[in-house]
Each structure stands twice: as C-alpha cells, then as structure tokens.
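Single-letter residue listing:
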Amino acid sequence: MGTERQAKVGIIGAGSVGATIAYAAMIRGVARHISLFDIAKTKVEAEVLDLNHGLLFAPQATVDGSDDVESLHGSDVVVMTAGAKQKPGQTRMDLAEANANICAKILPDVLRVAPDAVLLMVTNPVDVITEVALKISGFAWERVIGSGTVLDSSRFRFLVAKHCQVAVQNVHAYIAGEHGDSEIPLWSSATIGSIPLSQWSVPGHGHLSAAEKDKIVHNVKDAGYQVIQGKGATNYAVGLAVTNILEAILHDERRVLPVSGLLRGFRGLEDVCLSLPRIVSRRGIEAPLPIPMTVDEEAGLRESADRIRAVVRGLGY
Ligand code: NAD
C-alpha cells in the first residue's frame with residue numbers, strides 16, 4: 001500500500017454519495033489520487049471536471065475518473081457506492097437484490113485492477129453488500145469493510161449532544177447491528193466526558209428520561225428517511241463519515257469505529273456482517289471490541305444479525 005501522501009482512493013459510483021465522498025476526501029487531503037468510476041460517462045466526467053476546478057483550494061492531489069474500470073487501477077482503498085438508492089418509503093433491505101447483482105457484476109473487474117485494495121462498501125443494504133463482497137472477492141475478512149453505523153452513530157451522538165448541550169466530540173455512544181431499521185443503540189456504554197450517560201444529571205445540561213431516549217432512537221432510525229424525503233438523497237454526512245473511515249485506514253490511525261465487518265464468534269455470533277466498534281487501521285479491521293452490553297442490547301443485536309443473515313442467504317450467498 002502506498003504511503004499516506006501517495007495513496008490512491010478509487011470510488012465506484014459518481015452519484016450523490018460517491019461524488020460527495022470524493023469532495024470530502026479531497027478537502028481533507030486524505031489521498032494523493034482520487035479516481036471515480038461510473039457507467040454514466042457524462043455524469044462522471046462532469047463530476048471530475050467540477051472537482052478539478054476546486055483543486056487550487058485543497059491540499060495537493062489529482063482527481064480523475066471515467067466510465068472505464070481501469071480508473072480504479074492500483075487503488076489502495078476502493079469505495080463502493082454504485083447502485084440503487086432508496087426512494088421515499090423504501091427500506092434499505094428493499095435494495096438488496098438489485099445492488100447485490102451490481103456488486104457481483106463490478107467486483108471481478110475491480111479485483112483485477114486493484115488486487116491489493118481494502119474494500120469499503122457503502123452501497124445499501126450495506127451489511128448485506130459487505131458480506132456479498134467478502135464472498136465474491138475471497139479477500140481476508142480484515143480487508144472487506146462496510147461503512148456500517150458510523151453515520152448512524154454520528155447522528156446518535158449529535159442528538160445526545162444537542163439534548164445535553166455538550167460538544168458532539170465529548171459524547172461517546174454507538175449504534176450497533178444493521179445500518180437500517182433493526183439497528184441497536186448501545187445506551188449502557190454511552191458516556192459524556194467519561195460519565196456514564198445513565199448517571200448524567202448536570203444542572204443546565206439536562207437528563208435523559210426513558211421517553212427522551214426513545215425519541216432520540218426514533219430520530220436516528222428515521223434520519224435517513226427524513227433527509228431522503230426532503231432532498232432525494234443523503235450525501236454530506238455520509239461523505240464525511242466515509243472520509244473519516246478512509247483516514248483511519250490510510251493514515252493507519254487505529255481509530256475505534258462502528259464499521260460493518262464479518263463476525264467470527266462475537267458473543268456466539270458468526271458468519272454475518274454487522275457493525276460493532278472495531279479498531280480500524282491500514283490493515284483494515286480488527287475483531288470487534290468486547291463492548292459491554294445489557295441482555296436487551298445483546299438480544300437486539302441477535303435479532304439484527306438474524307435479519308441480515310436471512311437476506312444474505314435469500315440472495316444465495
Ligand atoms: P445515485 O443514484 O445518486 O448514484 C448511484 C450511481 O451508481 C449512479 O451514478 C449510477 O450511474 C452508478 N452505477 C449504477 N450501476 C453501476 C455500475 N454497474 N457500475 C458503475 N456505476 C454504477 O445514488 P446515491 O445517492 O449516490 O446512493 C448510492 C448508494 O449509497 C445507495 O445504495 C444508497 O442507499 C447508499 N447509501 C449508503 C449510505 C451508508 O451510510 N452506507 C448512506 C447514503 C447512501
């Protein structure tokens with residue numbers, strides 16, 4: 001893998017999500033080269049042109065791309081965003097068959113041109129697509145990652161921070177399981193400035209009642225639907241969330257992130273991809289951290305795993 005400044009990020013799909021990841025990655029100087037690949041020639045060429053016109057104002061980099069998969073040649077990380085997105089009212093799981101087929105079609109070519117890449121899947125349903133990519137690629141589990149609940153956890157932390165009027169960076173809390181309707185808030189391990197959230201009662205900074213917690217969880221689960229209803233796609237937060245994962249990989253940061261990846265015996269769960277906090281570095285992901293969970297949280301995680309597994313098996317993987 002190239003050194004940090006030489007690194008190349010290849011992005012499949014130059015739609016709302018792919019183009020915004022390129023934009024965020026460019027501004028943050030994540031890699032020396034960013035390349036986009038999309039079957040929509042005019043669209044990908046226009047996005048590349050637009051990004052190039054802003055290079056003057058960003059850290060030194062090159063941005064290119066085309067409708068030829070060769071654009072991804074030699075990528076250190078390939079980010080997969082191609083595929084159908086939710087229409088208002090559709091769930092992420094509704095996209096499983098169409099997007100698994102797209103993934104199966106593209107991946108062999110990607111593996112040919114970028115055989116050493118870490119694969120970072122974003123296309124929904126991301127946990128299903130991560131497992132499909134793992135099976136198709138034959139890569140070691142460490143190298144096939146889903147953006148998972150990094151975005152959902154960011155939404156969660158934002159809402160807790162807002163309620164308690166503290167900086168979002170001082171809230172530590174994870175959403176685990178599916179990036180989707182069965183996701184699980186891990187309230188029991190949530191903290192603000194090292195104080196367990198269950199004990200948080202600071203004058204002028206609120207206290208979270210059961211009803212307020214329920215409201216926050218509802219808002220986290222509904223967030224994607226809400227944004228899609230209003231503007232037809234989600235792009236900014238996912239662009240930043242994925243860029244955060246790219247930094248953890250390319251800068252070898254060992255950052256703890258709730259990414260999706262294969263479970264190989266976590267609390268008896270295996271053979272399914274879902275999100276739990278893991279250390280992310282240049283090698284990819286490590287096994288999930290042994291995060292404490294209540295009985296209910298663990299039961300919720302199992303249900304989420306069953307749901308994802310059923311869809312993956314239904315697709316024949
Ligand atoms: P979009 O329709 O704007 O873009 C999708 C792009 O994929 C299009 O430009 C299309 O031409 C391209 N594409 C389709 N088939 C292709 C192929 N075979 N090869 C190359 N390119 C191909 O959609 P979007 O809003 O960018 O969303 C993309 C995906 O990301 C969706 O599945 C969406 O649900 C998902 N998403 C995931 C998260 C997350 O947190 N994991 C967040 C937001 C969106």
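These remarks concern the structure in this document. Note that the structure is a prediction, hence the values are computed from the model and not measured.

Helices and strands together make up the secondary structure of the chain, namely 8 helices and 16 strands. Relative to the globule expectation of 20 Å for 317 residues, the C-alpha radius of gyration of the chain, 19 Å, shows essentially globular dimensions. Here the C-alpha coordinates of the chain stretch approximately 55 × 45 × 40 Å along the principal axes. Counting every position in the chain, which comprises 317 residues, the buried fraction comes to 53%. For the chain, the proportion of contacts with a sequence separation of at least 24, taken over those separated by at least 6, is 72%. When the accessible area of the chain is evaluated, it comes to approximately 13,600 Å², of which 54% is carbon and sulfur surface. Here the chain contributes 31 positively and 35 negatively charged side chains, and the mean placements of these two sets differ by 2 Å.

Turning our attention to the nonpolar core. One finds Ile 12, Val 79, Leu 246 and Leu 276 to be the most contacted residues of the largest nonpolar core, which totals 85 residues. The element that contributes the greatest number of residues to this core is helix H7 (residues 236–250), accounting for 8 residues. Once residues lying within four places of it in the same chain are set aside, the contact partners of Leu 276 are Ala 176, Leu 257, Pro 258, Val 259, Leu 263, Phe 266, Pro 288, Ile 291, Met 293 and Leu 301. The next biggest cluster of nonpolar side chains, apart from the first, holds 17 residues, and it includes Leu 159, Ile 175, Ala 190 and Leu 197.

Here we have 3 strands laid out as an open sheet, ordered E12-E15-E16, and antiparallel in their pairing. In the strand order of this sheet, the two ends are held by strand E12 (255–257) and strand E16 (284–285), each with one partner. Packing of H7 onto the sheet brings it into contact with E12 and strand E15 (278–281), and relative to E12 it is tilted by some 140°.

By nearness alone, 25 residues border the ligand, and Val 17, Asp 38, Ala 84, Val 122 and Asn 124 come closest of all. Side-chain polar atom of Ser 147 to a nitrogen atom of the ligand: 3.1 Å apart, as the coordinates give it. The side chain of His 179 places a nitrogen or oxygen atom 3.3 Å from an oxygen atom of the ligand. Taken by itself the ligand offers 860 Å² of open surface, and the protein chains cover 88% of this. Broken down by secondary-structure element, the contributors of at least two residues to the shell around the ligand are helix H1 (16–27) and helix H3 (96–113).

All right, on to the packing of aromatic side chains then. One pass over the full model with this rule turns up 1 aromatic pair. Above the ring of Tyr 225, the side-chain terminus of Arg 92 is found at 5.9 Å from the ring centroid. If you follow Arg 143 out to its NZ or CZ, it ends over the ring of Phe 139, 3.8 Å from the centre.

Our focus in this paragraph is the environment of His 33. Following the sequence through the fold, His 33 ends up in strand E2 (residues 33–37). The contact partners of His 33, leaving out residues within four places of it in the chain, are Gln 6, Ala 7, Lys 8, Val 9 and Thr 62. Among the polar contacts made by the side chain of His 33, one reaches the side chain of Thr 62 at a distance of 2.7 Å.

This next bit is on the sheet that holds strand E10 (residues 191–192). Pairing in this open sheet of 3 strands is antiparallel, and the strands run E7-E10-E11 from one edge to the other. With one partner strand each, in any of the chains shown, strand E7 (171–172) and strand E11 (195–196) form the two edges of the open sheet. Two strands pair when backbone bridges link them, and E10 and E11 are joined in this way by 2 bridges, in the antiparallel orientation. Pairing of Ile 192 across the sheet is with Ile 195, part of E11.

With that settled, the discussion passes to the environment of Leu 289. Tracing the backbone through its elements, the reader meets Leu 289 in the loop between E16 and helix H8 (295–314). With a relative accessible area of 27%, Leu 289 lands in the partly exposed category. When the C-alpha atoms of Leu 289 and Pro 108 are compared, they prove to be 32 Å apart, with 181 residues separating the residues in sequence. Not counting residues within four places of it along the chain, the set of residues in contact with Leu 289 comprises Val 256, Phe 266, Pro 277, Arg 278 and Ile 279.

Parameters at a glance
- Residues numbered from 1 in each chain as written.
- Predicted model: local features only at pLDDT ≥ 70, side-chain atom pairs only at ≥ 80, totals over all residues.
- Heavy atoms only, no water.
- Helix = DSSP H or I, 4+ residues; strand = E, 2+ residues; numbered from the N terminus.
- Rg over C-alpha atoms; globule rule 2.2 N^0.38 Å.
- Buried < 20%, exposed > 50% of the residue type's maximum accessible area, 1.4 Å probe, protein only.
- Contact = heavy atoms within 4.5 Å.
- Areas by Shrake-Rupley, 256 points an atom, 1.4 Å probe, with all protein chains shown as cover.
- Lys, Arg positive; Asp, Glu negative; His and termini not counted.
- Charge placed at Lys NZ, Arg CZ, Asp CG, Glu CD.
- Core = buried A, V, L, I, M, F, W, Y, C linked by side-chain atoms within 4.5 Å.
- Pairing = 2+ DSSP bridges.
- Axes fitted to C-alpha atoms, helices over the stretch in contact; angles between N-to-C directions.
- Near = heavy atom within 4 Å.
- Polar contact = N/O pair within 3.5 Å; in protein donor to acceptor, adjacent residues only side chain to side chain.
- Phe/Tyr/Trp six-rings, centres within 6.5 Å; stacked < 30°, edge-to-face > 60°.
- Lys NZ or Arg CZ within 6 Å of the ring centre and 35° of its normal.

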